[in-house]
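Letter by letter, the chains look like this.
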Amino acid sequence: MWEPTSAISALAFSRSSDSGYNGAIPTLRLAVGRANGDIEIWNPLKGQWVQETVCLGDGKSVDGLAWTQDPDEADNEGNVLPGQQRLFSIASSPAVTEWDLASSEPKRRSTGNFSEVWCFAAQPRWKTSKNVQDEPRSQDMVAGCGDGTLVLLSTADNDLQFKRFLARVAGKRARCMCIAYQNRDVVVAGFADSMIRIYDTRNNSQVRGMSLGVGLPGAPKNAFIWTIKVLPNGDIVSGDSNGEVRIWDGRNHSLVQRLTGHDNDCLDLVTSADGHTILSGSIDGRMSIYKQTLGEGGRKSWAKHSHRRAHSGEVKAMAAFDTKNGLSVVVSGGSDAAPVLTPLREYGKENSRALSSLPQEPKVVGAPRARLIASWWDKEVSICRIARQSEIDDVSQPQRPRKLVAKLSLDVKQAIRSVSISADGKLLAAATASEVKVFQLRRRTDSDALAVRKIHTPQEFASLGARLLSFSSDTKWLAAVTPDNEVHLARFAANPEQPKQLRCLPHTVELDRRHSKRAPSTLHEYDRTLVRLAFASDSSVLVAGDVSGYLDSWVLEGHEDLTAIAVDITKRDSDKASSKDGSDAGSDSSDDDDDALVIFYGQHWTDNPAGHLLPKLDSAPLVLTFRPTVPTAQTLTNGNPGVHSTRHNPHAHSHALPTGEHRLWVMTARHEMYECDVLAGRLSDWSRRNPTAALPADFRQIKDRVRDAVWDVVGQRQRLWLYGTSWVVMLDVGGDLMDAESVALTRKRRRKAKDVVGDSREPKRLKPSSGAGDLVESERSLGPQSLTRTENGHRANIDLTRSEQNADEDEDVEVDSDLPALQLARLRSNGSKGEAARRDQGTEGQRKWWCTFKYRPILGMVPLEDATIPEEDRMLEVAIVERPL
Amino acid sequence: MAGTRHDRKLESGKTTEMVHDDGAKSSSKKRKAEFSEVAESSSKKARNRPASPMVVIRNTSGGTDAEEPTKKRKRQPVQTEAAEDVLPLPTTNSVESSATRDEGIVEEEDVMADAEEEGIFQPRTVPEEQDGSGELKEDVEMATAENAVEDEVLERGANISGEVSHTKEAERAIVLQNGADLSKSGTQQSKPQRRQKRDLELSKLSLGDHEVQRKKSEVDTNKAKHREARIEKGRLVQERAQELAREVKMLKREGLAETAIAGRHTKEVKKQKKQPAWSLSTTVAGRFINHDPIFAKDSVSGDALLITATNREILVLSVEASLAVRTYALRQGISICSFSLDNVDPESLHIVCDNGLSFTWRWSTDGSVPQDLEPRDATAVAGGRADDRAPGLLYLKKTKGNSAIWSSRSLYTASKRLDEIQTVSDGECVIAYGPELLVLGMRKDTGKKSNDYIWVELLMTTAVTCMDARVIESASTSKKDKRPARISLALGKTDGKIHLYDDVTSVFADHRQASLPTPRVLHWHREAVSAVKFSRDGSYLISGGKETVLVLWQLNTGKKQFLPHLTSEIERIVVSPEGDRYAIQMGDNSILVLSTSELKPVANFAGLQLACPVPTSSLTTSEYGHDVQYSKSVAAVLHPRHANQLLLAVPATQPNLSTAAAESRPFLQTFDIRTSRHITRQALTRNNVTDLNLGPERTAVAPPDTTLVSISDDGQWLATVDEWMPPAGDVEFLTTTFEEVVEERRKRREVYLKIWRWDEAQGLWTLSSRVDAPHARAGKQIQGAGIILALVADPVTAGFATMGEDGRVRMWKPKTRVRHGVAMKGEGDVELVEWVCKRSVELPLGAEDGRADSPVDTARDRVLFKACLAYSEDASLLAAALTSAAHTTTLVHLLDTSSGDIKATKSGLAGGEHLDHVGFLDRYFIAVVRDAVHVWDLVTDALQQRMVIPSGATLLAINSADGTFAVAVDSRVNVYKPAETRAVHKDDCHQNIAALLAGKGNKGYTLLFGDATVRTLALTGTPVRRALPDAPAASKEKELTIESAPPQGARLADDAEMPEVLALPAADTKASAAIFDEAEDDRPVVRPEQLASIFDVGQSFAMLPVRDMLEAVVGLYGRRPLVQAAA
């Protein structure tokens, strides 16, 4: 089964602060490097923290991560195009790797005549100055190697090239442990021989060497300088194996202060944007915070403020993002695999919070009808069969609840990125970044184990590689999203020679994505990365959502005609073809995929005509799922009526669009909820009645993002089960979640809550401004949370927890006037859980929602069906896969 | 007998003829002084304090001059001068001097009466205390007692004369009590007037005068006792009469005396002199209050001083000498809550008491009189600079459930309780805190003359246990602006964290801007931080807690330094103003002064470390109640050779939780109760001083508890018993029920009898023998050691006897260790001995009242919960009694110590199941049961007395030196003589007596109280120990009594009333020697001629049968005491 997430070994924000950008502010992402070489890209989303994509590594621990941004460019019209943000990493090898975020694959490597890279750092961004009219320069990178070599690399021209050696430090212990730029020209490096050396990159000279001096008694003579950082004012901060944090003057390189921060090695440290706070993490899992205060006589001095145990293992890596009024958070990671968010500006006032260590995308898929569960790890896929409840309970022959029925070890070079299994459990597809493999699973007659047969797929499909795979519910279609974010479809059908065997039709088709006009982004193609795929329950509609929130949709035209030729390749319709002909005349032969229309059994995929009407989501979709519909038994026995091949139209095909409603239920990374009718290109009525505000308050307080959803639709019951790492929520989407009145009120309140910070009566900080956890409860807070000030006999209560001093009083008043009705609404909407449930049962006999935190951490939830039970009696049956560490 | 009385009557009749008028006497005062000088060269200055002229008190009954008071007052200084000039030598004991002293006493009482109304006594200085002011208070009490006696005497006189009514005499007693008032009232007052006045005074009598009233009532009840005493002291009267005769003659010559009154007065004086009265000494020792001591400097010598307080007195301690320089005691019943130095005048100390009084005392001068302060009911005080706009002093005042900060008016009322208050920067900033609340006050804009503060109240989420504030003055040059630039605040919390705020001035900002920075968290302490202080330069923070480790936080680097193993929890830390010393008040009732540079101790002030009583919680009773049926008794003994040394088992830290770990007493403290000084402390059992004192489950590790202590007669051997059981949590996994837990714990109980030899060279008790599990468990249980219920020392030779729950008595004796027939010698050529069990006697069981045949498990029934053990004075008999849950009657067994046989078993001795204590005194056997004291005459084998005492926790002490025994019940103590039906003395100490001890060869009793104070109950005739120099107590005692007594011959003649009595050969020679010294000794005196009359009958054949001879001898020795017979 799935192995535990490996330890975090490196962390980097794409930028450290909002300040210092005169143009557009680049997008913010967090790169999390793990010991197995994976790099996860997280989107902070103003404190909602969602894992967007994962770049699978090669097993070598990511030792360092760095982001650069290319210089801004002005286009012809004078608009400033922000430069591209690029992510680099080092692993335990003499190479620096650049990653292609859009494909989640390494883009290029730079190796050279140096030993393994221990640390690297990116040059600070070039800043335009008014005095010097200079061309914007790209950011260099400096890498420190195990043999004491410092290497300069250039990232100019969207490339990564060796520039020159900066220094070669001789000696046995001359391992460069950490490195940082003091400014664009000066590099500060910490070595294993307890020396800090400062180099000027302009003339390759060593400016200064500072020694830590004799180590603590009992400690080795040579202290390791584990980490080195530079404060905004140029002062240097180092953390060493004695557990000390030392502050060195940036100008004269003298020791300013040494602080005993930890009992063990201090492995990493971060500084706040204003340079008045330092946090350090140690090998025993503690994080210490240091603050600069005015000492005696107005001299500024640093002092350790407090420490707390943030991790069960060590704190290996830390990264900070600090802006004045927005996000201000330190992310730390270590061997316990979960990134921990610690508030930086609001330290002590807000809780810290651990993010999930499990992948956002469930690594478990299920075939409900066959009661199979498939999960994968690295190059293996395990398939288990879940016994029926009656079998488990069977007195005479009790079955094991779960039985491994097949284990596939793929002969691939890379790790599996995605696996899909068809609902009937007959087909299983697995994909790496360069291969797609499909297998047919058959139940053996002699044993429980499955017989696995590889199905040959067309070469162009098999070598595509895929980041997402999805079978349609009728097992006829396999959709694959390539690493380059193209969508390909393959059709499966029974082998005419061997009816028991399935085959893949020899042609596959690529679906065109709608090229929406995009706002310029610093991540360029990454924004188009598709993260979710969904087939409609009748397999006639396919929807894909990308990171930036756009939805692409395709429909299956025509009716299945098994009598028709399996694959019929034709030109596109005349009208389309004629319009295209003009432009694509030259490339006709070379690009026949674009022009050719592949018809499978009389059906073909085309763009959803209403696709342009689909809304752009506010953020990446996390749940894309079609509301199951009762199949309208309208299979035509005679295929596509009225469609006959003629001489003029040898590839006659139907243009009949799928009928019926195809309602797509979406939940985004911000936990906004939509339902759209894909073919109509509009929000469904239900969604209009139930906007996001209608979600129960309990759900809205959940911080863990949703991972997937399971439908429970039987008869009149239409329930949607959502789950995250630690929660399972049921929403009764058959009816309205909340009446319109309450929704309006809640909406209003939420808007207010967003605007007004520090309204004491509201549940505070649904959206913490600093990006970490909620406010610390009063019992556990470090200091008092309010004070009473008495002057001239006049008392006033002052809340000390508010973070912003400029709260608008008028807004406060307005909210207050809303209060009575609002409270009523809240009482009716959630109140206490039991109360709400009772009321609902009393009136409608059903709960509208339900929530549990019983299972954790949930790796995935897979629906199961028990065919022995008549459909109308079926309750929802799911297998929840927990993955405790 | 009757004849003697008649003689005395005649004598008094003679004296009545002498005229003595008070007015005349006062006018002849000067002459009297001269007379003393000439005639009584032996001096009147028994004490080195000026003789007081307040003789006037005697003029009340029928005196004439009303202008007396003024005269007297005027003359006083002169008189004092003269007395001091003329009589420089403090010699002892002339009649005249006693008289003078009496006068002085009365005057003293006058002062005391005033002082009492103020709630305070005169200050006294320690260098003089030995014979000066220290005694002063004893004298005051003595005077009170004497007044009471005098009252009675007067009544006697009245009876004799048959002229004066009882009421009048009673009134007189009151008047005498209030001498000053009395002199004012003058002689012109008629009887009704005086009665009115008396009523008035009676109504005025406050609680403080309660003692007087009680004495008075006691006089009524104890008339018989005094009568006897008076008779005993008859011999004194003769001498006294002669002296007085001279005096009266002179007065007569003046022609101013009135015969009848003077006569009665003279007699009165005589009687006063011969009153032996029991009295309680003043309180010694005590527990330091939970308050920061104050470092001060002697203005003259510049010595470092430490000002601290026990709850009854303020102490000025010299750091250099480790001695108290000056003390200032408060009246009984008042305790000090808080004190603070004045900011402007550092020689003034502001003191707040728990009864709401507050006053200022100049600690630097000896005789300074305290000044009252406002308000009257503060709980804590802090000094601030007094100028035109700021309050001089700040108080905390408790109101219902919350506290207010006061100066001259209420400044701020907090919403919750505040405990302590601190001012910084001369009152610019005020900080007060309670467990849940922190109040900060900052004086508003300094330019104005406003006295207003901005107050900020912070509700604490975790309770604050201690706080320190430090101010960094603004660097701005303007001197006028005294506003502190920064106020650093360190708060110790119950969760062991210290919150350090670098600057809290931001909380005083305006509504919108007010903020509080997140504190620095210093977390090392596991449990609540007890004390936290900044160093003077602010670079260190010093903290302490239950861990017995002093932690020094280097604030700039985050490093910590430790001073571990301080043997006791740290309660308070104070940094001296110079920053060179730390004073650490610790949980063992001591204050340690350390130098800050090398952390070496400079001085140590240790009080009596008696474990303070802990309020028992329900948890405690459920956990320990099954094993300890009775509350823990104090394990303490007085050293037989050094009468002022108290040896007691003490805990490492004063328990504030009722747990086994907190309450166990692994240490032995030796304490000098005379000088109130700690001598040594040594460990008796294993302890956790240098160990982790917390188990892995954060439960405190309990050391063994020393339950019994006894010391041999020669002071060379000390026996201790300690016991230990594993905590319930350690055996719970073995069991299912609570009973099983108890049983499993008992199975693992460790009991040791340890016998220690005094090592003179080291000044320590060194372990000589350790007996593991000296007694088995009750019943048939094999595992585990049985508890030892009683331990007594052989009064004659080295030896101890123990009694355990197995119902056995074991006698332990030293045995020379022999190797190859040669006695082994240890260091210093001391023969090595080992202690062995010489005899083991199993006591037979008593009747089990019908349950003998019951099938109930006898093991459980035989659980003993009380045992009594006592040696007779000559160590020939050992009385052992055991009370078990199964028996309703307690049997007392008398064992022959030489053979180990049970000589007799008495069931009626105790008469009830609640036998608390037994003891021998002479031929009497004393048994204290729940509500009575039984005195059993062993010779006649009959119940001699049955004294009813109130029920309560009883204590018994027997003093063979003066033939009395004392029984204490809760706060009351009664002194009895075995032959007398009524108590010789009754007293109420108003606080629970924790232990009652009688020293060997020392008269009187030592009382230990729960608040770690010691008082001595002794006859006033015998000097109180506290007043004695270092010489052995006995010699001085003897000297004094002999001097006051006439020559032996005369005395014998005096004893004509008991002609047929001879001295009883007592077991120890000291006692027989003392018989002549003790005027109040009432043992039958058997004269040789009496014995001769029995034995010297010529030829042996003429002798009586042996039986008759024995009866005759017993008849001599065993007759009832003379006095009683006379009564």
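Calculation criteria
- Residues numbered from 1 in each chain as written.
- Chains lettered and ligands numbered in written order.
- Predicted model: local features only at pLDDT ≥ 70, side-chain atom pairs only at ≥ 80, totals over all residues.
- Heavy atoms only, no water.
- Helix = DSSP H or I, 4+ residues; strand = E, 2+ residues; numbered from the N terminus.
- Buried < 20%, exposed > 50% of the residue type's maximum accessible area, 1.4 Å probe, protein only.
- Areas by Shrake-Rupley, 256 points an atom, 1.4 Å probe, with all protein chains shown as cover.
- Pairing = 2+ DSSP bridges.
- Axes fitted to C-alpha atoms, helices over the stretch in contact; angles between N-to-C directions.
- Patch = residues over 30% accessible without salt bridge, like charges linked within 9 Å, V, L, I, M, F, W, Y side chains within 5 Å.
- Salt bridge = Lys/Arg side-chain N within 4 Å of Asp/Glu carboxyl O.
- UniProt positions renumbered as here; feature names shortened; annotations may be inferred.
- Core = buried A, V, L, I, M, F, W, Y, C linked by side-chain atoms within 4.5 Å.
- Contact = heavy atoms within 4.5 Å.
- Buried area = accessible area lost by both parts, 1.4 Å probe.
- Polar contact = N/O pair within 3.5 Å; in protein donor to acceptor, adjacent residues only side chain to side chain.
- Nonpolar A, V, L, I, M, F, W, Y, C, P; charged D, E, K, R; others polar.

(A) Structural context of the overall build of chain A. In terms of regular secondary structure, chain A is built from nine helices and 60 strands. Relative to its 885 residues, chain A shows a buried fraction of 57%. By element, 48% of the accessible surface of chain A is carried by carbon and sulfur atoms, the whole surface being about 37,600 Å².

(B) Structural context of the sheet that holds strand 5 (residues 62-69) of chain A. Residue and element names in this part refer to chain A. The strand order 5-8-9-10 describes an open sheet built from four strands, whose pairing is antiparallel. Each edge of the open sheet is held by one strand with a lone partner, namely strand 5 and strand 10 (105-111). Across this sheet, the average inter-strand angle for adjacent strands is 30°, counted without regard to direction. Inspection of the sheet shows strand 5 paired to strand 8 (residues 85-91) by seven bridges, in the antiparallel sense. Among the inter-strand pairings, threonine 68 is bridged to a residue of strand 8, identified as arginine 86.

(C) The arrangement of a nonpolar patch on the surface in detail. Together, Val939, Leu1110 and Val1114 of chain B make up a nonpolar patch on the protein surface, roughly 240 Å² of accessible area in all. When you line up the elements, valine 1114 of chain B lands in helix 23 (residues 1106-1117).

(D) Expanded view of the UniProt feature "repeat: WD" (unreviewed entry) in chain B. Look at the UniProt record and you will see "repeat: WD" (unreviewed entry) annotated at residues 522-563 of chain B. With 0% helix and 57% strand, residues 522-563 of chain B has its two end C-alpha atoms placed 17 Å apart.

(E) How the structure looks around the nonpolar core. All names here are of chain B. The biggest cluster of nonpolar side chains holds 40 residues, and the ones touching the most others in it are Ile431, Leu438, Leu458, Leu489 and Leu541. When residues of this core are traced back to their parent elements, those giving at least two are strand 17 (429-433), strand 18 (437-443), strand 19 (453-459), strand 20 (464-473), strand 21 (484-493), strand 22 (497-501), strand 24 (529-534) and strand 26 (550-554). Apart from residues no more than four positions distant in its own chain, isoleucine 431 is found in contact with Glu420, Ile421, Gln422, Val424, Leu438, Val439, Leu440, Met467, Ala469, Ile487 and Leu489. In terms of nonpolar packing, the next biggest core, distinct from the first, is built from 32 residues, Ile926, Leu956, Ala983 and Tyr1005 among them.

(F) Examining the interface of chain A and chain B more closely. Facing 39 residues of chain A, the contacting portion of chain B comprises 39 residues. Contact between chain A and chain B buries roughly 3,200 Å² in total, counting both sides, with carbon and sulfur atoms accounting for 44%. Contact with chain B buries surface across chain A, with His305, Leu782 and Arg789 of chain A losing the most and accounting together for 19% of the total. Linking chain A with chain B are one salt bridge, by the criterion used here. A salt bridge links lysine 559 of chain B to glutamate 244 of chain A; its shortest N-O distance comes to 3.1 Å. Remark: the boundary between chain A and chain B carries 14 residue pairs in polar contact (both at pLDDT 80 or more). Looking at the side of chain A that touches chain B, the elements with two or more residues in it are strand 22 (255-260), strand 25 (286-294), strand 26 (300-309), strand 56 (786-791) and strand 57 (794-799) of chain A. Broken down by element, the side of chain A that touches chain B gets its largest block of residues, six residues, from strand 56 of chain A. Broken down by class, the residue content of the side of chain A that touches chain B amounts to 11 nonpolar, 16 polar and 12 charged.

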